[in-house]
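Survey of secondary and tertiary structure
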Amino acid sequence: MRETIIVIDDDNKITSMLKRALAFEGYSVTTAANGAEGLKAMLTQDPDLIILDVMMPQIDGLEVCRRIRESGSQVPIIMLTAKDEISDRVRGLDMGADDYLVKPFALEELLARVRVSLRRRIDVSAKLDTILNYEDISLNVESREVKRGDHMIELTTKEFDLLHFLMQNPNRVLSKDTIMEKIWGFDFSGESNVLEVYIALLRQKMEEHGYKRIIQTVRGAGYVLRGES
């Protein structure tokens, strides 16, 4: 069965171009001209991935992303934005987006990220270890729930994948390249700060309620899941 992708963008040239390109790659594609249409499409379909523009009238992409995550859906979301500011990226990630591209973008790069996002979704669902534990953290792969102590921690898809990888390798220093390859699947040469953004967001959530830092930075080497000594 062909994977289904919903493209939500108010720029008809972009939606038409992406529909042709994605259909040529073998995907089933639905387009929506605004956020409201995109949310309606979500009700009638069970998409495998969503490509979502940020800047749209009435209901913008950030609000669409928030509503999708609020509904409980963990469908991968790639956001398209004309803004290249760190604050805009953080807002998108914090709303639950898994990835983003700054316009104008290369079609080949978008297609690569689509393939990686879809592959990651399949890989995660196929994991054999249902529950991982490290110190006071519990991660359920099937339900995608994370608990620290007595508190449930709500994570976006990529935050969950990042924590999952770290918990599969406790007390092992993982280089940035290793993490990027595992979570994103290819080189982010033009997005050198994306991992730092995700680490900061993940730390903020994991350290709520006064919990100690568990994700450590090893200067010049990478990151490690390790309690503070």
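Conventions adopted
- Residues numbered from 1 in each chain as written.
- Predicted model: local features only at pLDDT ≥ 70, side-chain atom pairs only at ≥ 80, totals over all residues.
- Heavy atoms only, no water.
- Buried < 20%, exposed > 50% of the residue type's maximum accessible area, 1.4 Å probe, protein only.
- Helix = DSSP H or I, 4+ residues; strand = E, 2+ residues; numbered from the N terminus.
- Arc of directions from axis to C-beta.
- Polar contact = N/O pair within 3.5 Å; in protein donor to acceptor, adjacent residues only side chain to side chain.
- Salt bridge = Lys/Arg side-chain N within 4 Å of Asp/Glu carboxyl O.
- Axes fitted to C-alpha atoms, helices over the stretch in contact; angles between N-to-C directions.
- Parallel < 35°, antiparallel > 145°, perpendicular 65-115°, else oblique.
- Left-handed = near helix turned anticlockwise from the far one by under 90°.
- Contact = heavy atoms within 4.5 Å.
- Nonpolar A, V, L, I, M, F, W, Y, C, P; charged D, E, K, R; others polar.
- Pairing = 2+ DSSP bridges.
- Core = buried A, V, L, I, M, F, W, Y, C linked by side-chain atoms within 4.5 Å.
- Domains from an automatic or database assignment.

As recorded by an unreviewed UniProt entry, the protein carries the name Response regulator transcription factor and is attributed to Paenibacillus albiflavus.

1. Side note on helix α7 (residues 176-183)
One full turn of an α-helix is made of 3.6 residues, so residues set three or four places apart face in the same direction. Taken together, the buried positions of α7 are occupied by Ile179, Met180 and Ile183. Axial view of α7: buried residues confined to an arc of 100°, hence all on one face.

2. Topic: helix α3 (residues 61-70)
Turning to α3, its buried residues are Gly61, Leu62, Val64, Cys65, Ile68 and Arg69. Angular distribution of buried residues about the axis of α3 spans 160°; they occupy a single face of the element. Structurally, the start of α3 carries an N-cap: the backbone nitrogen of Leu62 is 3.2 Å from a side-chain oxygen of Asp60. A positive phi of about 100° marks Gly72, the residue just after α3.

3. Here we look at the pattern of salt bridges
Within this structure, the stated rule accounts for 14 salt bridges. Because the salt bridges share partners, they merge into one network encompassing Glu63, Arg66, Arg67 and Glu70.

4. A short note on the packing of helix α2 (residues 35-44) against α3
Running from N to C, α2 and α3 point in directions that differ by 20°, and their axes come no closer than 10 Å. Taken together, α2 and α3 sit at an angle that is classed as roughly parallel. α2 and α3 meet at a crossing whose hand is right-handed. Here Gly35, Leu39 and Met42 of α2 come into contact with α3, specifically with Val64, Arg67 and Ile68. Class assignment for the residues of the contact of α2 with α3 results in 4 nonpolar, 1 polar and 1 charged.

5. A few points about unusual backbone geometry
With omega at -10°, the peptide bond leading from Lys103 into Pro104 counts as cis. Positioned with a positive phi, Glu135 is a non-glycine residue whose angle comes to about 50°. Here Glu135 lies in the loop between β6 (131-134) and β7 (137-140). For Glu135, a relative accessible area of 48% puts it in the partly exposed group.

6. Here's the deal with the pairing of strand β5 (residues 99-102)
Of the two faces of β5, the one lined by Asp99 and Leu101 and the one lined by Tyr100 and Val102 are each fully buried. Sheet topology places strand β4 (residues 77-81) next to β5; 4 bridges connect them, and they run parallel. The residue bridging Thr81 from the neighbouring strand is Val102, located in β5.

7. Comments concerning the nonpolar core
In summary, soluble globular proteins display a tendency toward joint burial of nonpolar side chains. Residues Ile50, Leu52, Met79 and Val146 are the most contacted members of the largest nonpolar core, which totals 52 residues. Ranked by the residues each element gives to this core, the list is headed by helix α8 (residues 194-206), at 8 residues. There are two domains that each give this core at least three residues, and those are domain 1 (4-120) and domain 2 (131-225). Those residues within four positions of Ile50 in sequence are excluded, and the remaining contacts are Ile6, Ile8, Met42, Ile68, Val75, Pro76, Ile77 and Ile78. Within the second largest apolar cluster, 17 residues are counted, among which are Ile5, Leu49, Ile78 and Val114.

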